[in-house]
Amino acid sequence: MGACGTVISEGDLQQQMEYIERVRALLESGGAKKPTAFVDTYGCQQNEADSERIRGMLRQMGYDFTTEEEAADVIVINTCAVRAHAEQRVLGNVGALTHTKRNNPKQIICLCGCMMQESHMAEKIRTSFRHVDIVFGPHALWRFPELLHQKLTKGGRMFETAPSDGAIAEGLPVLRNKPPKAGVIIMQGCNNFCSYCIVPHVRGREHSRMPDQIIKEVEGLVQSGYRDIMLLGQNVNSYGKDLALSIDFSDLLRQLNAIEGDFILRFMTSHPKDASPRLFQTMAECEKVENHLHLPFQAGNDRVLRDMNRGYTREAYLELVRQAKQRIPDLVLTSDVIVGFPGETTEEFEDTLLVLKEVEFDALFTFIYSPREGTPASRKEDPMPKAQKQVNFQRLLDLQNEISARKHQAYVGRTLRVLVDGESGEETYHLSARTTGGRLVHLSGSRNLIGTFVTAKITSASTWALFGEIEETQR
Ligand code: SAH
Ligand code: SF4
Ligand code: F3S
């Protein structure tokens, strides 16, 4: 059993498909009632995509899905390790499952995802969360059918959390949400080892999928009515570097842009050290690639950036942004920032505020530094009191909110083409839509418009969203 190169072999995958059939036969022989599964996902869109595979495998094994933990025959919790807060939420919820299992002792509880790839966490589950039956990290996701089959036939507890560089598993069954949005993994893992980050430790090295597999998947999605395709990877700009082909991310974008149909292409995340004017030119020239760039800068001070091992300076970042703005009309720019990296002084933090003022991001994802066991940053002295980090964090939020509100206000009066992608939960504006730059727009109109492009006039704006009226529908 194992990986052939960076791709799981067809033979190994075929074996898992056989386990799916065996579980199916076992469940069918078990009784009249269809078994049910509950799948819960934490973390990023990569994890969401993994959960779509877990659901796909479960459905093929014959499971229906439920939103009630108590009723489920199988519970799968797909976890995230990026910050302590995410981990605490998972542990709290898994702890609460002791009650559901007491009422339903046959229930099978599975924990998977990034947290399970941390050895101290797997150990904690082994010793202190004894009601958990199956534990596996992202590297063993494709072996879920085999693990479940073993549990159903032999019982006992199973742990598949050995360290690994990872490998691509093509062709697993997938159960997605309804159109119009679909995430497509183009590469997995990360080679960057930013000093604060756990992702490369739990997700392994960068592995790109073959372009023909990605193209085939996107073609299929467009034919099935998906309109908003999000290409996923921790650092999409290094796509292709590990392949024996001469292809980079810009080439891939051009090939996907050539697929026929009315859809948009987005991607996440771009690392500034690998983003290039060539990418911006490609974005500008490809009509289906939306004018949105998520370009995390993390910190505005060069000493801090060096300590974070980010591989660029503030000036290099600002120059990149200038180039992007110059080439991409109407660019929407978003970013991630960490406040309170170990050793960052308030004066150094103020350089982050300067970047906000100069760039004027449309939106920002902001985090207070969270030490991750095993990362170099977690071993550094961290003298700044929590209260001071909070004060700095609030200054960052206040400044960004003011900028976001101002940028949103500038949309009022404009008429834009937007994709209606769901319901908003609001009373008057019950539809939600996205501009081509990914800004959220609330609209009123019929549910039937979900999944279509409409032309909308923006009538008002808040810090978080735009509000508009539909002028023209396209169906
Ligand atoms: N690969 C992406 C980021 C993935 S993690 C990239 O490099 O852009 C998403 C965000 O979480 C990061 O951009 C960073 O801002 C934040 N993050 C990661 N590790 C963190 C930590 N230990 N503490 C606080 N924030 C962290
Ligand atoms: Fe983490 Fe850095 Fe890799 Fe992003 S690029 S996943 S922040 S190590
Ligand atoms: Fe979390 Fe793993 Fe994504 S740590 S952010 S779920 S890659």
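Please read all numbers here as calculations on a predicted model, not as lab measurements.

The rules behind each value
Going along each chain's sequence as written, the residues are numbered from 1 onward. A letter from A marks each chain and a number from 1 marks each ligand, given out in the order of writing. Per-residue local features are limited, in this predicted model, to residues with pLDDT of at least 70; the limit for side-chain atom pairs, both in listing and counting, is 80 or more; totals at the level of whole chains, interfaces and linings are taken over all residues. As a rule here, side-chain values cover all heavy atoms of the structure and leave hydrogens and water aside. The rule for pairing is simple: two strands pair if DSSP sees at least two bridges between them. Each helix is a run of H or I in the DSSP string that is no shorter than four residues. Each strand is a run of E no shorter than two, and both are numbered from the N terminus. Contact between two residues is taken to exist if any of their heavy atoms lie within 4.5 Å; hydrogens are not considered. Fitted lines through C-alpha atoms serve as axes, helices being fitted only where they are in contact, and the angles separating the N-to-C directions of these axes extend from 0 to 180 degrees. When at least one non-hydrogen atom of a residue lies within 4 Å of a molecule or strand, that residue is treated as near it. Here a polar contact means two N or O atoms within 3.5 Å. Within protein one must be a hydrogen donor candidate and the other an acceptor candidate, and residues neighboring in sequence count only if both atoms are side-chain atoms. Accessible areas in this description were obtained via Shrake-Rupley with a 1.4 Å probe; residue shielding takes into account the shown protein chains only. In the scheme used here, Gly and all other residues not listed as nonpolar or charged are polar, with Ala, Val, Leu, Ile, Met, Phe, Trp, Tyr, Cys and Pro taken as nonpolar and Asp, Glu, Lys and Arg as charged. Delimitation of the domains relies on an automatic or database domain assignment. Type-normalised accessible area, obtained with a 1.4 Å probe on protein chains alone, sets the label of each residue: buried when under 20%, exposed when over 50%, and partly exposed for intermediate values.

Draft legend 1. Fine view of the sheet that holds strand 6 (residues 108–113). Ordered in space as 4-3-5-6-7-8, the 6 strands form an open sheet in which the pairing is parallel. Bordering the open sheet on either side are strand 4 (64–65) and strand 8 (158–160), each of which pairs with just one other strand. When strand 5 (residues 74–79) meets strand 6, the two strands line up parallel, connected through 6 bridges. Note on strand 6: the bridge partner recorded for T79 is G113. Taken strand by strand, helix 3 (residues 84–103) contacts strand 5 and strand 6, and its axis lies near 170° from that of strand 5.

Draft legend 2. Structural detail: unusual backbone geometry. A cis amide bond, omega 15°, links P179 with the succeeding residue P180. Take P180: it is sitting in the loop between strand 8 and strand 9 (181–185). The peptide bond linking M268 to T269 adopts the cis configuration, its omega dihedral lying at 0°. Among the structural elements, T269 can be located in the loop between strand 13 (264–268) and helix 9 (277–285).

Draft legend 3. Local environment of the site of ligand 1. As a matter of local geometry, ligand 1 sits amid 15 residues, with R83, Q234, Q298, D336 and S370 nearest to it. Here Y196 contributes a backbone N or O atom positioned 3.1 Å from a nitrogen atom of ligand 1. Separating a nitrogen atom of ligand 1 from a side-chain N or O atom of Q234 is a distance of 2.9 Å. Alone, ligand 1 offers 550 Å² of accessible surface; in the complex the protein occludes 90% of this. Looking at the shell around ligand 1, the elements with two or more residues in it are strand 15 (332–339) and strand 16 (363–368). The class makeup of the residues in the shell around ligand 1 is 7 nonpolar, 4 polar and 4 charged.

Draft legend 4. Broad picture of the site of ligand 3. Around ligand 3, the neighbouring residues are C44, N47, C80, A81, V82, C114, R203 and Q234. Across the shell around ligand 3, the residue classes tally to 5 nonpolar, 2 polar and 1 charged.

Draft legend 5. Local environment of the domain arrangement of the protein. As assigned here, the protein comprises domain 1 (10–160), domain 2 (291–409) and domain 3 (415–474). Taking the mean C-alpha position of each, domain 1 and domain 3 sit 37 Å from one another.

Draft legend 6. A look at the sheet that holds strand 20 (residues 453–461). Overall, mixed pairing links the 5 strands, which are arranged 17-18-19-21-20 in a closed barrel. With strand direction ignored, the average angle separating the axes of adjacent strands in the sheet is 55°. Two elements, strand 18 (residues 431–434) and strand 19 (residues 440–443), share 4 bridges in a ladder whose sense is antiparallel. Bridge assignment links S432 to a residue of strand 19, and that residue is H442.

Draft legend 7. Geometry of helix 5 (residues 144–154). For helix 5, the complete set of buried residues consists of F144, P145, E146, L147, L148, H149 and K151. The elements touched by buried residues of helix 5 are helix 1 (10–30), helix 2 (45–61), strand 5, strand 6, strand 7 (134–136) and strand 8. G155 occupies a position one or two residues after helix 5 and carries a positive phi of about 75°.

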